[in-house]
Amino acid sequence: MSIGTLSGEGLRDAMVDRLAADHQAKGLVLRPEVETAMRTVPRELFTPGLPLEEAYENTAVVTKRLPSGESLSSVSAPFLIAEMLGQAADALGGLTGRSVLEIGSGGYNASLLRELVGAAGSVTTVDIDPDVIDRASKCLAAAGYDDVTVLRADAEHPVEPGRRYDLIIVTVGAWDVPPAWRDQLTEGGVLVVPLRTFGMTRSWALRREGDRLVSQSHRLCGFVSMQGDGASEIRHLDIADGVHLRLDEGQHIDPAAIEGLLDLPRAEAWAGVALPPRTNLSDLNLWLATRLREGLVVLTAQSEAIEAGTVAPSWQYGTPATLQDGTLAYRSKLSWTDRVFDLGSYAHGPQAEVAAGRMVEHMRAWLDAGNPAPVLTVLPAHAPDGDLPNGMVLDKRHSRLVLTFTPNKKGNAA
């Protein structure tokens, strides 16, 4: 039977089969209760107007855009939903009977959560946008989940003052962790949030331990940005046709400093290693961000610029880079030989060889340390230095973030 002739249930099962295989390929396990929920909830009811086959593709479905075309709201990609629900369930030892707050409402994720918490649990979903709330309410009712509480509010502030939740799961990209999120968690409760640090976003599962949140896991992800009082602008600076530098954490760069930079000769450096394909290099990107913090930027590129050879980044949607003394260096695409790969850096500018070599030295240091994995600790903005764990400190508006790297038990197979 071709995919075009499958029913909604058949397409749903095929989607979940692909998710299970994707988890396995990443060294993850799709939790049985998450699998059951995703085989139960009809995703097509949360993507009205979309052809049935497209409703079950493993991609996000944009449900609202600005006139500029920028996404304002979406139903997240199934693989990412499954991974984040798995993070939550792993950190809490299961979701049955839990009280859950979802921040950023599309309806589909709330219905999955309703399946996971069961009759003894509760789900509240909140969004700042009245159109999004109206749409989520209608979709939830159509799917039979009218016992999900749907609220319009700016979740930067307490949603239901005095109430606490076992789980707060955020489905929009956040730049900071406002006090309300920590304060609304029960002790030992978990916040799952796509948090932007050093210009790169990870979904962190953070457990509350008194006044601090400590990460239990993290996943590579991308989301539409937070609106309201918690919004933080992401600025992009064009460096060539289809190539941009993403600026964050208050960075400012004179456009004149990068004009014609990529037209200069390219220098390259390589680590000279042979790593297997399953090495988890998203952790390396965070390592580089903390070690190369001075001058750190994130390079993004459109496919056309990569195909033209203008740049060759390790990941077109966000590669760690540095811009110092008129020289740009970035983590390059992998060099493949006989199913093993080497790590490298490309650089342009007067100090290109030095900058590329410096980046590769930090790559080797990560490998020599055993591919350490990041642990994130989030503390209140007023926390004194003496209360911080060892690591790289990143101060935000409401919180102090500390990234520490610990030995990776999975090693190269992570």
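As a convention, each chain's residues are numbered from 1 in the sequence order in which they are written. With the structure being a predicted model, the display of local features is reserved for residues of pLDDT at least 70 and the display and counting of side-chain atom pairs for 80 or more, all residues being used for whole-chain, interface and lining totals. The side-chain figures draw on all heavy atoms in the structure; neither hydrogens nor water molecules are used.

Notes on the nonpolar core
Here, the term nonpolar core denotes a set of buried Ala, Val, Leu, Ile, Met, Phe, Trp, Tyr and Cys residues that are joined through side-chain atoms within 4.5 Å. Residue exposure (1.4 Å probe, protein chains only): buried if accessible area is under 20% of the type maximum, exposed if over 50%, otherwise partly exposed. Of all hydrophobic cores here, the largest spans 55 residues; its most connected members are Val170, Trp181, Leu191 and Leu343. A run of DSSP states H or I qualifies as a helix once it reaches four residues; a run of E qualifies as a strand once it reaches two. Both are numbered from the N-terminal end. Broken down by element, this core gets its largest block of residues, eight residues, from helix H10 (residues 352–368). Contact between two residues is taken to exist if any of their heavy atoms lie within 4.5 Å; hydrogens are not considered. Leaving out residues up to four positions away in the same chain, leucine 343 has contacts with Ala269, Trp270, Ala271, Val273, Leu275, Leu281, Leu284, Arg331, Leu334, Met363 and Leu367. Within the second largest apolar cluster, 44 residues are counted, among which are Met15, Met38, Tyr108 and Tyr145.

Concerning the side chain of serine 111
Positionally, serine 111 belongs in helix H5 (residues 108–117). A polar side-chain atom of serine 111 sits 2.6 Å from the main-chain carbonyl oxygen of tyrosine 108. The contacts of serine 111, once residues within four sequence positions are left out, are Val41, Phe46, Leu140 and Tyr145. Within 3.5 Å is the distance limit for a polar contact, defined as a pair of N or O atoms, with the added protein rule that one can donate a hydrogen and the other accept it, and that residues adjacent in sequence qualify only through two side-chain atoms.

Quick word on helix H6 (residues 130–142)
Under the 1.5 Å per step criterion, the end-to-end length of H6 is 18 Å for 13 residues, consistent within 8% with the ideal 18 Å. The N-terminus of H6 is capped by aspartate 129, whose side-chain oxygen sits 2.8 Å from the backbone nitrogen of aspartate 131. Downstream of H6 by one or two residues, glycine 144 has phi in the positive range, about 90°. Expected helix span is taken as 1.5 Å per residue step, with the number of steps being one fewer than the number of residues.

Overview of the packing of aromatic side chains
Note on ring pairs: Phe, Tyr and Trp rings are taken, using the six-membered ring of Trp, and paired if centres are within 6.5 Å. Classes follow the plane angle, with under 30 degrees stacked, over 60 edge-to-face and the rest tilted. Applying the stated rule across the entire model yields six aromatic pairs. Between the aromatic rings of tryptophan 270 and tyrosine 346, the centroid separation amounts to 6.1 Å while the plane-to-plane angle is 85°, which identifies the pairing as edge-to-face. Taken together, the residues span a long stretch of sequence, with tryptophan 270 in strand E12 (residues 266–270) and tyrosine 346 in strand E18 (residues 344–348) at a distance of 76 residues. On the accessibility criterion, tryptophan 270 (24% relative accessible area) is partly exposed. Measuring from ring centre to ring centre gives 5.1 Å for tryptophan 287 and phenylalanine 405, while their planes differ by 80°; the resulting arrangement is edge-to-face. Within this pair, whereas tryptophan 287 is found in helix H8 (residues 282–291), its partner phenylalanine 405 is found in strand E21 (residues 399–406), the two being separated by 118 residues in sequence. The buried category is assigned to phenylalanine 405, whose relative accessible area is 16%. Following the ring pairs from residue to residue traces out a cluster consisting of Trp270, Tyr330 and Tyr346. Should the NZ of a Lys or the CZ of an Arg lie within 6 Å of a ring centre and within 35 degrees of the ring normal, that charge is described as sitting over the ring. The cationic tip of arginine 266 hangs over the ring face of tyrosine 346; the distance from NZ or CZ to the ring centre is 3.7 Å.

Regarding the pattern of salt bridges
Counted as salt bridges are all cases of a side-chain nitrogen of Lys or Arg within 4 Å of a carboxyl oxygen of Asp or Glu. If you walk through the whole model with that rule in mind, you get 18 salt bridges. Across the pair lysine 26 and glutamate 83 runs a salt bridge whose closest N-O atoms are separated by 2.6 Å. Here lysine 26, found in the loop between helix H1 (8–25) and helix H2 (32–40), pairs with glutamate 83, found in helix H4 (residues 78–92); they are 57 residues apart in sequence, far enough to count as distant. Using a relative accessible area of 36% as the deciding quantity, one classes lysine 26 as partly exposed.

A look at unusual backbone geometry
We note that aspartate 325 has phi near 50°; this positive angle belongs to a residue other than glycine. Here aspartate 325 is to be found in the loop between strand E14 (319–324) and strand E15 (327–331). By relative accessible area, which is 68% here, aspartate 325 ends up exposed. You will see that asparagine 371, though not glycine, has its phi angle at about 55°, which is positive. For asparagine 371, the position within the fold is in the loop between H10 and strand E19 (373–380).

A look at the sheet that holds E19
Paired through backbone hydrogen bonds, the strands of a sheet run either parallel or antiparallel to each other. Strand order across the open sheet formed by ten strands is E5-E4-E3-E6-E7-E8-E9-E19-E21-E20, with mixed pairing between neighbours. A strand with exactly one partner marks an edge of an open sheet, and here the two such strands are strand E5 (149–152) and strand E20 (392–395). Here the strands of the sheet are splayed against their neighbours by 20° on average, with no regard to which way each runs. The rule for pairing is simple: two strands pair if DSSP sees at least two bridges between them. The pairing of strand E9 (residues 212–220) with E19 spans two bridges and is classified as antiparallel. For valine 214, the partnering residue across the bridge sits in E19 and is threonine 377. Here an angle of 0 to 180 degrees is reported between the N-to-C directions of two axes, which are lines fitted to C-alpha atoms, with helices fitted over the stretch in contact. Relative to the sheet, H4 contacts strand E6 (165–170), strand E7 (185–197), strand E8 (200–209) and E9, its axis offset from that of E7 by approximately 150°.

Regarding the sheet that holds E14
The antiparallel open sheet is built from seven strands, whose spatial order is E10-E11-E13-E14-E15-E18-E12. The open sheet has two free edges, formed respectively by strand E10 (235–240) and E12, since each of these has just one partner strand. Put simply, the sheet's adjacent strands are angled 30° from each other on average, direction ignored. As paired strands, E15 and E18 are joined by four bridges and run antiparallel to one another. Of the residues in E18, the one forming a bridge with arginine 331 is serine 345. Relative to the sheet, H8 contacts strand E13 (296–301), E14 and E15, its axis offset from that of E15 by approximately 150°. Contacting E12, E14, E15 and E18, H10 crosses the sheet at an angle of about 160° to E18.

Quick look at H8
Given 3.6 residues per helical turn, the α-helix brings residues three or four places apart onto the same face. Among the ten residues in H8, nine count as buried, and that is most of the element. Residues Ser282, Asp283, Leu284, Asn285, Leu286, Trp287, Leu288, Ala289 and Thr290 constitute the buried set of H8.

In short, geometric facts, not functional conclusions.
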